[in-house]
Amino acid sequence: MRKRLFFDIEVSANLGLFWASGYKLSIGPESIIKERAIICICYKWEGVKEVHALTWDSKQCDKKMLEAFIKVANQADELVGHNGDKFDLAWIRTRCLFHGIDMFPSYTTIDTLKVARSKFRFNSNKLNYIAKFLGIGQKIHTDYDLWKKIMLEKDKVAMEKMVKYCKNDVVLLEKVFSHLNTH
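Residues numbered from 1 in each chain as written. Predicted model: local features only at pLDDT ≥ 70, side-chain atom pairs only at ≥ 80, totals over all residues. Heavy atoms only, no water.

**Student:** What is the right way to read the packing of aromatic side chains from this model?
**Tutor:** Pairs of aromatic rings are described using the distance from one ring centre to the other and the angle between the two planes. Summed over all chains, the structure comprises nine aromatic pairs. When the ring of Phe 104 is compared with that of Tyr 107, the centres are 5.4 Å apart and the planes differ by 25°; the resulting orientation is stacked. When the centroid spacing of 6.3 Å and the interplanar angle of 80° are considered together, the rings of Trp 147 and Tyr 165 count as edge-to-face. One end of the pair, Trp 147, is in helix 5 (residues 144-153); the other, Tyr 165, is in helix 6 (residues 156-181), with 18 residues separating them in the sequence. What makes Tyr 165 buried here is its relative accessible area of 9%. Linked through ring pairs, Phe 120, Phe 122, Tyr 129 and Phe 133 together constitute an aromatic cluster. (Phe/Tyr/Trp six-rings, centres within 6.5 Å; stacked < 30°, edge-to-face > 60°. Helix = DSSP H or I, 4+ residues; strand = E, 2+ residues; numbered from the N terminus. Buried < 20%, exposed > 50% of the residue type's maximum accessible area, 1.4 Å probe, protein only.)

**Student:** Just checking my understanding: could you explain the pairing of strand 6 (residues 78-81) for this structure?
**Tutor:** Within a regular beta strand, the side chains point alternately toward one face of the sheet and then the other, so they alternate between its two faces. Side chains Glu 78 and Val 80 project from strand 6 onto one buried face, and the interleaved Leu 79 and Gly 81 project onto a second face that is buried too. Pairing analysis gives three bridges linking strand 1 (residues 4-11) to strand 6, with the strands arranged parallel. Bridge pairing in strand 6 links Leu 5 to Leu 79. Where strand 6 lies against strand 7 (residues 109-111), three bridges are found, and the strand directions are parallel. (Pairing = 2+ DSSP bridges.)

**Student:** Looking at this model, I keep getting lost on the nonpolar core. Mind explaining?
**Tutor:** General note: in soluble globular proteins, nonpolar side chains tend to be found buried as a group. With 24 residues, the main nonpolar core has Leu 5, Ile 38, Phe 69, Ile 70, Leu 79 and Ile 92 as its most contacted residues. Elements with a minimum of two residues in this core: strand 1, strand 4 (38-45), helix 1 (63-73) and helix 2 (84-99). Broken down by element, this core gets its largest block of residues, six residues, from helix 1. Sequence-distant contacts of Ile 38, that is, excluding residues within four places in its chain, are made with Ile 9, Glu 10, Val 11, Trp 56, Asp 62, Met 65, Leu 66, Trp 91, Ile 92 and Arg 95. Counting 22 residues, the second largest nonpolar core, distinct from the first, contains Cys 40, Cys 42, Leu 146 and Val 163. (Core = buried A, V, L, I, M, F, W, Y, C linked by side-chain atoms within 4.5 Å. Contact = heavy atoms within 4.5 Å.)

**Student:** Would you mind going over the pairing of strand 4 with me for this structure?
**Tutor:** Extensive coverage of strand 4 is indicated by the burial of eight of its eight residues. Between strand 4 and strand 5 (residues 52-55), which pair antiparallel and follow one another directly, the connecting turn spans six residues, one of which, Gly 47, has a positive phi of 80°.

**Student:** Looking at this structure, how should I read empty space enclosed by the protein?
**Tutor:** Empty space left among the atoms is revealed by rolling a probe the size of a water molecule over them. Under the criterion given, the structure shown has one cavity of 30 Å³ or more. In this structure, the largest cavity encloses a volume near 40 Å³. A breakdown of the residues in the lining of the largest cavity according to their chemical character gives five nonpolar, two polar and two charged. (1 Å grid on protein atoms, 1.4 Å probe; cavity = no way out; pocket = protein on both sides within 12 Å on 5 of 7 lines; lining within 4 Å. Points joined across faces, edges and corners; volume = space filled by probe spheres on them. Nonpolar A, V, L, I, M, F, W, Y, C, P; charged D, E, K, R; others polar.)

**Student:** Any chance you could explain the sheet that holds strand 5 here in plain terms?
**Tutor:** Sheets are built from strands paired through backbone hydrogen bonds, the pairs being either parallel or antiparallel. Strand order in the open sheet made by the five strands is 5-4-1-6-7, with mixed pairing throughout. Edge strands, defined here as strands with exactly one partner in the open sheet, are strand 5 and strand 7. For this sheet the average axis-to-axis angle between neighbouring strands, irrespective of direction, equals 25°. The sheet strands contacting helix 3 (residues 112-119) are strand 6 and strand 7, and the helix crosses strand 7 at an angle near 55°. (Axes fitted to C-alpha atoms, helices over the stretch in contact; angles between N-to-C directions.)

**Student:** Please explain the environment of Trp 45 as it appears in this structure.
**Tutor:** Tracing the chain through its elements places Trp 45 in strand 4. Taking the C-alpha atoms as reference, Trp 45 lies 6.2 Å from Phe 6; in sequence the two are 39 residues apart. The residues touching Trp 45, leaving out its near neighbours within four places in the chain, are Lys 3, Arg 4, Leu 5, Val 72, Gln 75, Ala 76 and Glu 174.

In structure tokens:
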């Protein structure tokens, strides 16, 4: 039996200075004051109930969290994510490069977004839509204020909500994977 790891990440925005906001305006990288990072990584092993959570530290640095996750990911035969190839793993790889953290050059992955697009014809390929369509749950509602509270105020309650949100996504991911894999 393959050792599958289901995972999801939540990320911060860049913080920057800019003179105006609006449609068709360009904000260049020189406007960045603080580089975006990964707030949390949640993961679970296939068939195991417990969902684990790793978070950035009190200084909002994601280095130790990434080091811990890479040790876990390197034990997996397959990594499963929704848009995991283009988003989650690309983020993880970029942040590991930034911190000088070694990771495998490639992982065997299953991306449920790719599976949904190639084998099915849903009205939307978003994880939340597919989960609701299949009657197996839905994402926890969040809004932009949650990210602002975490990033700007270091709000512990907001961080707990973010971790709960991310853990729920991992549970949904495994359920969606299971349903898509049987048809």
